[in-house]
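Letter by letter, the chains look like this.
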Amino acid sequence: VQLQAFGGGLVQAGNSLRLSCAASGRTFSNYAMGWVRQAPGKEREFVASITWRGIITYYTDSVKGRFTISRDNAKNTVYLQMNSLKPEDTAVYFCAAGDAPNSRRPSDFVYWGQGTQVTVSS
């Protein structure tokens, strides 16, 4: 699976961004999809994931209620709607695909996109 993420940018705290990730190659709907972020000097951190048919979603505690992951299997695309952004959300955001339906750790994902930078100013 080839993944390409886009939609990052520079926003002020409190504002919103929507990330998209387009997939190609293997059958998109066979994979759980997720978003993982990495801030400067820190390890990669799981953000959110969604199961094959989009029925179940998982979030890290710090983004619950602010971020929403969704997918459109007809368009081979996964989205991350990020609302009420905070400076601590600043990171490179990677989309990733996992074989397991409950992929929730960076190590669960087997295919990775190139990342898109999200910067939130205070």
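Above: the structure in question.
What you are looking at is a predicted structure, and each value in this text was computed from that prediction instead of being measured.

**Student:** Explain the pairing of strand 5 (residues 45-50) to me, please; I cannot follow it from the model alone.
**Tutor:** A large share of strand 5 lies buried, amounting to five of its six residues. Sheet topology note: the strand 4 (residues 32-38)/strand 5 ladder contains five bridges and is antiparallel. From the neighbouring strand, M33 faces strand 5, where its bridge partner is I50. Linking strand 4 to strand 5, which pair antiparallel, is a turn of six residues; within it G41 sits at a positive phi near 75°. Across three bridges, the pairing between strand 5 and strand 6 (residues 57-59) is antiparallel. Of the residues in strand 6, the one forming a bridge with I50 is T57. Connecting strand 5 to the antiparallel partner strand 6 that follows it, the hairpin turn spans six residues, and G54 within it adopts a positive phi of roughly 80°.

**Student:** Even after reading the chapter, I still don't get the sheet that holds strand 3 (residues 17-24), so can you show me in this structure?
**Tutor:** Two strands in a sheet stick together by hydrogen bonds in their backbones, pointing the same way (parallel) or opposite ways (antiparallel). The strand order across the open sheet formed by four strands is 1-3-8-7, and the pairing between neighbours is antiparallel. Only two strands of the sheet have a single partner each, and these edge strands are strand 1 (2-6) and strand 7 (67-72). Between one strand axis and the next, the sheet turns through 15° on average, direction left out of account. When strand 7 meets strand 8 (residues 77-82), the two strands line up antiparallel, connected through six bridges. In the sheet register, T68 faces strand 8, and the bridge partner there is Q81.

Rules used throughout
- Residues numbered from 1 in each chain as written.
- Predicted model: local features only at pLDDT ≥ 70, side-chain atom pairs only at ≥ 80, totals over all residues.
- Heavy atoms only, no water.
- Buried < 20%, exposed > 50% of the residue type's maximum accessible area, 1.4 Å probe, protein only.
- Helix = DSSP H or I, 4+ residues; strand = E, 2+ residues; numbered from the N terminus.
- Pairing = 2+ DSSP bridges.
- Axes fitted to C-alpha atoms, helices over the stretch in contact; angles between N-to-C directions.

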